[in-house]
Amino acid sequence: MTVFSLGRIWAMLLRYLYILRSSWPRTLELLYWPTLQVLIWGFMSQFFAQNSSYVARAFGVLLGAVMLWDLMFRSQLGLSISFLEEMWSRNLGNLFVTPLRPSEWVISLLAMSAIRTAIGVVPAALIAIPLYHYSIFDMGPPLVAFLAVLMAMGWAMGLAVCGLILRHGMGAESLAWTVFFALSPVSCVYYPVTTLPAWLQPVAWSLPQTYVFEGMRTVLFQHVFRTDYFLTAVALDIVFMALGVGIFFLSFRDARHRGALMQMGE
Amino acid sequence: MSEPVIVVDNLVKRYGATVAVDGIGFTVERGTTAALLGGNGAGKTTTLSILLGLLLPSEGSVRILGENMLRHRYRVLPRINFSSPYADLPHRLTVRQNLLVFARLYGLSSRRERIARLAEDLQITRFLDRPAGKLSSGQKTRVALAKALLNEPEVLLLDEPTASLDPDTGDWIRSYLEDYQARTGATLLLASHNMAEVERLCAQVMMMKSGLIVDRGSPAELIDRYGRTNLEEVFLHIARRADAVPEPVS
């Protein structure tokens with residue numbers, strides 16, 4: 001018996017790809033919100049570029065922020081939606097009488113999240129190039145670092161949300177869509193951390209995404225990549241990922257104690 | 001003599017103050033069919049869930065195919081399978097897609113050939129490309145059985161395998177299970193409250209009530225012991241008894 005099987009991970013990934021392929025409205029929905037966001041923030045950026053010195057100094061400061069924020073949200077949501085597919089179809093009982101391990105399932109969820117995120121965010125980023133003459137890809141290698149940090153944080157939150165749904169049932173389903181936005185005011189997506197009251201700033205600095213958005217502004221305004229920001233964000237990612245993984249696996253074990261794997265669903 | 005394929009010892013499952021399974025023990029010999037028989041809430045499905053590793057017991061042990069299920073279930077799971085009409089396959093995938101996913105989860109190499117053969121055996125070929133959610137109850141049951149037989153399990157656990165089926169389809173499923181067992185020597189354990197099914201298929205019956213095994217034996221022994229004419233009468237006698245009395249320890 002293989003301890004860890006790529007074949008089983010691929011089996012689960014295939015399942016989620018079949019679901020995605022089975023419904024074109026769902027695929028379209030992946031594109032819809034990121035594209036809409038880029039359209040709105042692109043026009044706002046054009047307006048602010050003529051009326052605000054802040055945006056005039058770096059046109060992409062708002063567009064880049066909205067794309068990166070959306071990427072993090074899509075990472076979390078992409079993971080949670082694939083997880084919820086199993087809950088909606090009451091399929092956990094079928095899956096976990098096979099040799100599938102929870103860790104293999106989690107990896108397939110992460111892989112599917114990356115695919116869903118790419119389908120949603122990449123076209124939106126490409127649309128901004130002809131429309132606003134802004135390419136987020138011009139950030140170069142720092143963009144890769146930002147993406148990695150944000151996706152890891154999105155996954156950490158997604159795993160924690162899935163754990164809470166496993167623990168509390170489908171009544172907690174709305175967490176998948178809402179909990180993420182509770183962090184937006186302190187993530188400093190569109191404004192510097194110094195905008196926040198002094199007492200709230202330590203909260204902002206405890207989140208990895210804050211370092212990404214501050215780092216992005218440093219790249220755009222000063223053309224400097226802050227390695228210290230990046231390393232701190234990676235360290236915080238590790239902490240949040242450990243928390244997310246811990247919550248998920250504890251909830252999974254708890255579900256086995258409560259018999260929830262057989263019963264859970266809509 | 002070799003160890004029985006299923007060995008359950010002093011199995012207890014508590015949910016807070018509620019005791020769903022109350023210290024039951026039983027064995028099932030290789031190549032035989034046994035049944036957990038009891039009314040709703042007797043503890044049958046809970047017992048099956050523990051055997052499958054989906055539910056952790058409060059106390060007790062389960063050995064399947066010589067392995068401790070609580071410690072080494074991943075050694076056992078590739079060799080067993082499960083079917084229940086209450087665990088539908090995902091509705092939006094086609095039957096073929098569902099079967100392909102599960103075939104990969106079991107690490108089968110000739111997946112398409114295996115699915116084609118099972119589809120022919122179980123007469124589901126013509127709706128392999130139909131979404132699983134658009135099948136009738138009888139079709140769903142046959143598809144669920146195909147899923148359960150993908151890995152040609154040595155131990156097959158079945159939760160009410162013919163529930164909500166018309167008599168003809170139910171009979172067809174029972175015949176198929178008999179053929180499968182005769183061909184492979186598999187061990188079958190089913191939870192049921194279909195007396196005719198149990199009488200026909202099972203060499204050994206564990207009568208459950210309120211989480212206890214209150215009696216056990218072959219269908220003929222139980223009918224004889226209670227002075228009844230069929231297993232349904234035995235079931236009704238036990239179900240209507242005021243209390244659940246554990247069987248005497250021999």
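Data block above holds the structure.
Quick caveat, the model's predicted, so the values are computed rather than measured.

Caption draft 1: Examining the interface of chain B and chain A more closely. Contact with chain B, which involves 25 residues of that partner, is made by 27 residues of chain A. Broken down by secondary-structure element, the contributors of at least two residues to the side of chain B that touches chain A are helix H1 (44–52), helix H2 (73–76), strand S6 (80–83) and helix H3 (95–105) of chain B. For the side of chain B that touches chain A, the element with the highest residue contribution is H3(B), accounting for 5 residues. Broken down by class, the residue content of the side of chain B that touches chain A amounts to 16 nonpolar, 5 polar and 4 charged.

Caption draft 2: Region of the structure containing the pairing of strand S10 (residues 212–217) of chain B. All names here are of chain B. Relative to S10, strand S9 (residues 204–209) runs antiparallel, the two sharing 5 bridges. Bridge pairing links lysine 209 to leucine 212 in S10. What sits between the antiparallel neighbours S9 and S10 is a turn of 2 residues, in which serine 210 has the positive phi angle 50°.

Caption draft 3: Inspection of the sheet that holds strand S5 (residues 67–68) of chain B at higher detail. Residues and elements named next belong to chain B. If you trace the 4 strands from one edge of the open sheet to the other, you get S2-S1-S4-S5, paired in antiparallel fashion. In the strand order of this sheet, the two ends are held by strand S2 (18–28) and S5, each with one partner. The pairing of strand S4 (residues 59–64) with S5 spans 2 bridges and is antiparallel. Its bridge partner being in S5, isoleucine 64 is matched across the sheet by glutamate 67.

Caption draft 4: Region of the structure containing the environment of A:Cys162. All names here are of chain A. Looking at the element boundaries, cysteine 162 is found in helix H7 (residues 141–168). Given 28 C-beta atoms within 10 Å, cysteine 162 falls into the buried group. Along the sequence, cysteine 162 and isoleucine 247 sit 85 residues apart, while their C-alpha atoms lie 8.7 Å from each other. Excluding residues within four positions of it along the chain, cysteine 162 makes contact with Ser80, Phe83 and Phe248.

Calculation notes
Residues numbered from 1 in each chain as written. Chains lettered and ligands numbered in written order. Predicted model: local features only at pLDDT ≥ 70, side-chain atom pairs only at ≥ 80, totals over all residues. Contact = placed C-beta atoms within 7 Å. Helix = DSSP H or I, 4+ residues; strand = E, 2+ residues; numbered from the N terminus. Nonpolar A, V, L, I, M, F, W, Y, C, P; charged D, E, K, R; others polar. Pairing = 2+ DSSP bridges. Buried ≥ 20, exposed ≤ 12 C-beta atoms within 10 Å, placed from the backbone.

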